Amino acid sequence: MKRRWCKDVLFRWVCGAVSMFATALLLVLLVHLCRQGWEYLDSSFLTQFASRRPAQAGIKAGLWGTLWLLALTATMAFPLGVATALYLEEYAPQGRLTRLLEVNIANLAGVPSIIYGLLGLAIFVRLLGLERSLWSGSMTLTLLILPVIIVSAQGAIRSVPRSLREASYALGAQPWHVNLLVVFPAALPGILTGVILALSRAIGETAPLVIVGAVGYMRFVPTSPSDDFTALPLQIYDWASRPQVEFHQVAASGILVLLSILLMFNLTAVWIRHRLQRYPS
Amino acid sequence: MHRSIKLKVQQILWGVSLGSSLCATSARAVVQDRVRIDGSSTVYPITEAVAEEFGRKSPEVRVTVGVSGTGGGFKKFLQAETDINNASRKIKDSEKEKAKAAGIQYMEIPVAYDGISVVIHRQNDWVDYLTVAELHEIWKPGSKITKWSQVRAGWPDLAIKLYGPGTHSGTFDYFTHAINGKSQSSRADFTKSEDDNILVRGVAGDRGALGFFGLSYYVENKKSLRAVPIQVPGGKPVAPAFETVFDGSYKPLARQIYMYVNISALQKANVKKFISFYLKNARQLVKDVGYVPLATEEYERLWSQVQKQPVLN
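Residues numbered from 1 in each chain as written. Chains lettered and ligands numbered in written order. Predicted model: local features only at pLDDT ≥ 70, side-chain atom pairs only at ≥ 80, totals over all residues. Heavy atoms only, no water.

A. Looking closely at the side chain of Gln309 of chain B. Among the secondary structure elements, Gln309 of chain B is positioned in the segment after α13 (296-307). Not counting residues within four places of it along the chain, the set of residues in contact with Gln309 of chain B comprises Ile263, Leu266, Gln267 and Lys272 of chain B. (Helix = DSSP H or I, 4+ residues; strand = E, 2+ residues; numbered from the N terminus. Contact = heavy atoms within 4.5 Å.)

Next comes the structure, spelled out in structure tokens:
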């Protein structure tokens, strides 16, 4: 009896230590970044373009590029992902074909992002002739995060209680009514969380964007989706690989900006979840 | 069939772009105002500096600078997807043939010198210089050298740890060409990184290390590294520095770096304006970013050569 109790305590301590270790590591990283990046992080950092002089370097082009990419990617990935998940969960016949489809989608979620970059280059940039534009970049990112969105949306839809559906049918609703007006709203918090987490992944991607032709330096903000673009991670990578130590500090400032956007995203996810769950439709 | 789909998609997306465009200028007109540059990451800081100053002066011209590497950049350049390609080496014969096949004429413009520094740990007190032959013995494919004592008699019996840039980089191409006689021919068992700062850290933290990378990375890290003077047969050992790279005495690891300009792009007013600005201001800007500029007369000669090109649109 005593031994079992000991084991239990030990296990609890090990788990606690491991999670403390992970958090501490993150904290150390954050503190280090803040110390390095604080000096160059001011409002002009957000409103100026990159420069050969570290003190004047800003991240405007990358910031706007990333915001454009996120907006376009979200607009394309959300309906595509949710519609696919709805189809797979509610309509698709439960056969071998559907299972094959599901296994493939789950596998696609694990494909290295650079492969999506190559695909984007071949299809969007060259075949469809979209050139190196925000279109190509955001479509590539859409492909990249679609599997993640589909899988998480499927989970959310599956967790909608069967009784809700049956009650609607009993009242004489058509299937599309049920799916669109009952199942979808009930699954929305889960779906949105998945979408936002997927977008958080997209925001940090560098390799596929480089391949579809994101540029390193530009002195203008894209004004339409057919424009050239750059993104935060590219700009950060460029600064981090410069020989001058000052640029490494500028890179740290850039990382802080990227992290703030990520944090805002995650907070939004938490907030949406909280809010929508309080008022079930 | 395929072409018509492509056209259709383009039409639709142009429509959407225009609709969502924040400013209502015609998207087509914007294309005219672009100068598209891509290519070597070694040349990138120079082009960035020029684009920055040019952008302050002529903000209506949209200059974009990519970093696909010399070879990757040439692929785009030879499909006329870019106007200018930055190159840390000369254009290869295979690339020349592709240019001919695609009907692309280009102009080669050297923009600066770049030296490759061979570096060792700060506390390495036995290496006074290395000859090209010794470097070759160390770096040749299948080299059996694993200790400093095997390089020259009297050197310590300490393991030699090699550091170098990734095999895709122009610096690696040039180093292997200069030391081993053929680009890309090298022993494979060394620590590689595309990020030169990693190499700096590696060499700075390892007493037996020997590495090579761009001169500017040594200049910025003089406190933690030592650069090895290099001796060519019949010459004296020469240490890498801006002066020795400029006067050509630092051999064989100093080279010119280039940009290649598409001639039909050069005949567009904006591209010509950009190149002219580039060559007028190169001397100062090249120095600013830590490279060695060409002689003033050389920039002037290139500038007048560019002026001879007619502007067709």
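Next comes the rest of the write-up.
B. Molecular detail of empty space enclosed by the protein. Here the structure, examined in full by the defined rule, presents four cavities of 30 Å³ or more. Considering only enclosed or pocket space, the largest cavity measures out at about 80 Å³ in volume. As for the largest cavity, its lining consists of Arg132, Gly213, Val215 and Asp228 of chain A together with Arg36, Ile37, Asp38, Thr64, Gly66, Lys76, Glu81 and Thr82 of chain B. Looking at the lining of the largest cavity element by element, the count peaks at three residues for strand β1 (residues 34-39) of chain B. Classifying every residue of the lining of the largest cavity by side-chain character gives two nonpolar, four polar and six charged. Of the volumes computed, that of the second largest cavity is approximately 60 Å³. (1 Å grid on protein atoms, 1.4 Å probe; cavity = no way out; pocket = protein on both sides within 12 Å on 5 of 7 lines; lining within 4 Å. Points joined across faces, edges and corners; volume = space filled by probe spheres on them. Nonpolar A, V, L, I, M, F, W, Y, C, P; charged D, E, K, R; others polar.)

C. Structural context of the domain arrangement of chain A. All names here are of chain A. Domain boundaries assigned for chain A yield domain 1 (2-40) and domain 2 (44-278). For domain 1 versus domain 2, the distance between C-alpha centres works out to 29 Å. Taken together, the contact pairs seven residues of domain 1 with twelve residues of domain 2. Sorting the residues of domain 1 by area buried against domain 2 places Leu33, Gln36 and Tyr40 first, and these three jointly supply 74% of that buried surface. On the surface where domain 1 and domain 2 come into contact, there are zero salt bridges. Run the count over domain 1 and domain 2 and you get one residue pair in polar contact (both at pLDDT 80 or more). Residues belonging to the side of domain 1 that touches domain 2 are distributed by class as follows: four nonpolar, two polar and one charged. (Domains from an automatic or database assignment. Buried area = accessible area lost by both parts, 1.4 Å probe. Salt bridge = Lys/Arg side-chain N within 4 Å of Asp/Glu carboxyl O. Polar contact = N/O pair within 3.5 Å; in protein donor to acceptor, adjacent residues only side chain to side chain.)

D. The arrangement of the domain arrangement of chain B in detail. Residue and element names in this part refer to chain B. One can read the domain layout of chain B as domain 1 (2-112 + 258-307) and domain 2 (114-254). Residue-level contacts link ten residues of domain 1 with eight residues of domain 2. Broken down residue by residue, the surface that domain 1 buries against domain 2 is led by Gly290, Tyr291 and Val292, which jointly contribute 51%. Our enumeration of links across domain 1 and domain 2 arrives at zero salt bridges. Our count for the domain 1 to domain 2 interface comes out at zero residue pairs in polar contact (both at pLDDT 80 or more).

E. View of the pairing of β1 of chain B. Residue and element names in this part refer to chain B. Across the six residues of β1, six count as buried, placing the element largely inside the fold. Residues Arg34, Arg36 and Asp38 of β1 are buried on one face, and the alternating residues Val35, Ile37 and Gly39, pointing to the opposite face, are buried as well. As judged from the four bridges shared by β1 and strand β2 (residues 62-65), these two strands associate in the parallel manner. Of the residues in β2, the one forming a bridge with Arg36 is Thr64. (Buried < 20%, exposed > 50% of the residue type's maximum accessible area, 1.4 Å probe, protein only. Pairing = 2+ DSSP bridges.)

F. Representation of the packing of helix α12 (residues 269-288) of chain B against α13 of chain B. Residue and element names in this part refer to chain B. Here α12 crosses α13 at 175°, and the two axes come no closer than 9 Å. Between α12 and α13, the interaxial angle falls into the category roughly antiparallel. Contacts between α12 and α13 pair Lys272, Ile275, Ser276, Leu279, Lys280, Ala282, Arg283 and Val286 from the former with Thr296, Tyr299, Leu302, Trp303, Val306 and Gln307 from the latter. When its residues are assigned to classes, the contact of α12 with α13 shows eight nonpolar, three polar and three charged. (Axes fitted to C-alpha atoms, helices over the stretch in contact; angles between N-to-C directions. Parallel < 35°, antiparallel > 145°, perpendicular 65-115°, else oblique.)

G. Looking closely at the packing of aromatic side chains. Residues and elements named next belong to chain B. For the structure on display, the rule yields 17 aromatic pairs over all chains. Judged by centre distance (5.7 Å) and plane angle (65°), the rings of Tyr106 and Tyr260 are edge-to-face. With Tyr106 in strand β4 (residues 106-121) and Tyr260 in strand β11 (residues 254-262), the pair connects residues that are 154 residues apart, well separated along the chain. Tyr106 gets classed as partly exposed once you look at its relative accessible area, which sits at 24%. On the numbers, 5.6 Å between centres and 75° between planes, the contact of Trp139 with Phe175 is edge-to-face. With a gap of 36 residues between them, Trp139 in helix α6 (residues 132-139) and Phe175 in helix α7 (residues 170-180) connect regions that are remote in the sequence. There is no split in this pair, since Trp139 and Phe175 are both buried. Through a chain of ring-to-ring contacts, the aromatic side chains of Phe74, Phe77, Tyr106, Tyr258 and Tyr260 assemble into a single cluster. (Phe/Tyr/Trp six-rings, centres within 6.5 Å; stacked < 30°, edge-to-face > 60°.)

H. View of the confidence of the model for chain B. Residue and element names in this part refer to chain B. Averaged over chain B, the pLDDT score is 88; the fraction of residues at 70 or greater is 89%. Here residues 18-30 is a poorly scored stretch, pLDDT under 50, and it has 14 contacts once near neighbours within four places are set aside; other chains count. Quick note on the complex model: pTM equals 0.83, ipTM equals 0.80. (pLDDT = per-residue confidence, 0-100.)

I. Just the environment of Ala92 of chain A, in detail. Residue and element names in this part refer to chain A. Assignment of secondary structure puts Ala92 in the loop between α3 (60-91) and α4 (96-108). The spacing of Ala92 and Arg52 is 40 residues in sequence and 56 Å in space, taken between C-alpha atoms. Filtering out sequence-adjacent residues up to four positions away, Ala92 remains in contact with Tyr87 and Thr98.

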